Amino acid sequence: MDYGSSRCPGGLMVGEQFHAGRRCICVDLSARPSKEVAMSRRGKYIAIEGWEASGKSTQARLLADRLDAVLTREPGGTDLGVAIRGLLLGNGPEPTQRAEALLFAADRAQHLAEVVEPALSEGRDVITDRSYGSTLAYQGHGRGQPIDELMRLAEWASGGLLPDLVVLLTVPADTADRRLGEERDRMEREDTDFAARVIEGFAALADADPDRWVVVDGTGSIEEVAERVASAVGAK
């Protein structure tokens, strides 16, 4: 009895021919999208940046809903990140400037490995409330730490994975101050000079990298700003 293999066109093994009278049913598997093909689209990584009370968190959530994307944040996008966020923004011991930068980097390393990269690899878009731009604006322009060293740190912590697009929401400093109210975290309690340096730093970052950064007016109603953000990212 002949137990030779029977193959369909293209070399795909789809059945075994035991004798001349047995029928082999061939199925053209090439016509079906494979799992690898379905997973080949890499998601888009979008960061929403800006000074405190610029509307980032609200607009990140609305954009994620619009795109059916993964919504996350820095710091605090992972369990470890939540603990780090408490160290950075809570009322405990105040870190030195270098320690502050390193804590943000540690949060980012965990966040990229645990949340962002897996989602992008699965074809999911990711919207993050803050990313590397905040490190450069706050610890760099705000604290006066060297921008080039902070950028190297951000790239090392992220494994070179930076957002495809950064949306910078801008609001006047006095508007942001009114929005903040009385209860503020460690960063929100910084003085007006620090706020001005950070705001100017964000503007400088956007000017230096126009292919990655887009500036959106954050004033007006939530709905108006949401439409501007959606237009900026092509999510209409």
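Check the entry above for the structure.
This section reports on the structure supplied with the text. (Residues numbered from 1 in each chain as written. Predicted model: local features only at pLDDT ≥ 70, side-chain atom pairs only at ≥ 80, totals over all residues. Heavy atoms only, no water.)

1. Points about the overall build of the protein
From N to C terminus, the protein includes nine helices and seven strands. Split into buried and exposed, the 236 residues of the protein put 42% on the buried side. Considering only contacts within the protein whose residues lie at least 6 apart along the sequence, 74% involve residues at least 24 apart. Total accessible area on the protein stands at roughly 12800 Å², and carbon and sulfur atoms take up 52% of it. (Helix = DSSP H or I, 4+ residues; strand = E, 2+ residues; numbered from the N terminus. Buried < 20%, exposed > 50% of the residue type's maximum accessible area, 1.4 Å probe, protein only. Contact = heavy atoms within 4.5 Å. Areas by Shrake-Rupley, 256 points an atom, 1.4 Å probe, with all protein chains shown as cover.)

2. Side note on the packing of aromatic side chains
Taken as a whole and judged by the stated rule, the model has six aromatic pairs. A ring pair is formed by tyrosine 138 and phenylalanine 202, whose centres lie 6.1 Å apart and whose planes are at 80°; its orientation type is edge-to-face. Taken together, the positions of tyrosine 138 in helix α5 (residues 132-142) and phenylalanine 202 in helix α8 (residues 192-208) put the pair 64 residues apart, joining distant regions of the chain. Ring geometry for phenylalanine 202 versus tryptophan 213: centroids 6.4 Å apart, planes at 50°, classification tilted. (Phe/Tyr/Trp six-rings, centres within 6.5 Å; stacked < 30°, edge-to-face > 60°.)

3. Observations concerning the pattern of salt bridges
Considering all chains together, one arrives at 13 salt bridges under this definition. In this structure, arginine 42 engages glutamate 117 in a salt bridge whose closest nitrogen and oxygen atoms are separated by 2.6 Å. Within this pair, whereas arginine 42 is found in the loop between α1 (35-38) and β3 (45-49), its partner glutamate 117 is found in helix α4 (residues 97-121), the two being separated by 75 residues in sequence. The partner of arginine 143 in a salt bridge is glutamate 100, and the shortest N-O contact between them spans 3.0 Å. Of the two residues, arginine 143 is situated in the loop between α5 and α6 (147-158) and glutamate 100 in helix α4; the sequence distance between them amounts to 43 residues. For the pair shown, arginine 143 and glutamate 100 are each scored as buried. (Salt bridge = Lys/Arg side-chain N within 4 Å of Asp/Glu carboxyl O.)

4. Brief notes about helix α7 (residues 173-180)
Since there are 3.6 residues in each turn of an α-helix, residues three or four apart along the chain are aligned in direction. Buried within α7 we find Thr175, Ala176 and Leu180. The arc that holds every buried residue of α7, seen down its axis, measures 140°, which confines them to one face. In the stretch just after α7, glycine 181 is the one whose phi turns positive, near 75°. (Arc of directions from axis to C-beta.)

5. Focus: α8
Here α8 is 17 residues long and its end C-alpha atoms lie 24 Å apart, about the 24 Å a rise of 1.5 Å per residue gives. Listing the buried residues of α8 in full gives Phe194, Ala195, Val198, Gly201, Phe202, Leu205 and Ala206. Buried residues of α8, seen end-on, are gathered within an arc of 135° and therefore sit on one face of the element. Away from its buried face by more than 90 degrees, α8 exposes Thr192, Asp193, Glu200, Asp207 and Ala208. On its buried face, α8 sits against β3, α5, β6 (165-170) and β7 (213-217). Between the side-chain oxygen at the start of α8 and the backbone nitrogen of aspartate 193 there is a gap of 3.2 Å, and the oxygen is on aspartate 191. (Expected span 1.5 Å × (residues − 1). Polar contact = N/O pair within 3.5 Å; in protein donor to acceptor, adjacent residues only side chain to side chain.)

6. Observations concerning the packing of α4 against α5
How two helices sit against one another is set out by the angle between their axes and by the gap between those axes. Between α4 and α5, the least distance of the axes is 11 Å, while the angle of their chain directions is 175°. By the angle class used here, α4 and α5 are roughly antiparallel. From α4, Glu100, Ala101, Phe104 and Arg108 reach across to α5, where they touch Tyr132, Thr135 and Gln139. The class makeup of the residues in the contact of α4 with α5 is three nonpolar, two polar and two charged. (Axes fitted to C-alpha atoms, helices over the stretch in contact; angles between N-to-C directions. Parallel < 35°, antiparallel > 145°, perpendicular 65-115°, else oblique. Nonpolar A, V, L, I, M, F, W, Y, C, P; charged D, E, K, R; others polar.)

7. Description of the sheet that holds β7
Pairing in this open sheet of five strands is parallel, and the strands run β4-β5-β3-β6-β7 from one edge to the other. Taken across any chain shown, the strands that pair with only one partner, and hence form the sheet edges, are β4 (70-73) and β7. Within the sheet, the average angular offset between the axes of one strand and its neighbour, ignoring direction, is 25°. Across four bridges, the pairing between β3 and strand β5 (residues 126-129) is parallel. If you follow alanine 47 over to β5, its bridge partner there is threonine 128. (Pairing = 2+ DSSP bridges.)

8. Thoughts on the nonpolar core
If you look at the biggest cluster of nonpolar residues, it comprises 27 residues, and the most contacted ones within it are Trp51, Tyr132, Tyr138, Val198, Phe202 and Trp213. Residue assignment for this core shows that the elements contributing at least two residues are α3 (79-89), α4, α5, α6, β6 and α8. In terms of residues, this core owes the most to one element, α8, which gives six residues. Within the second largest apolar cluster, 14 residues are counted, among which are Leu63, Val167, Val225 and Val233. (Core = buried A, V, L, I, M, F, W, Y, C linked by side-chain atoms within 4.5 Å.)

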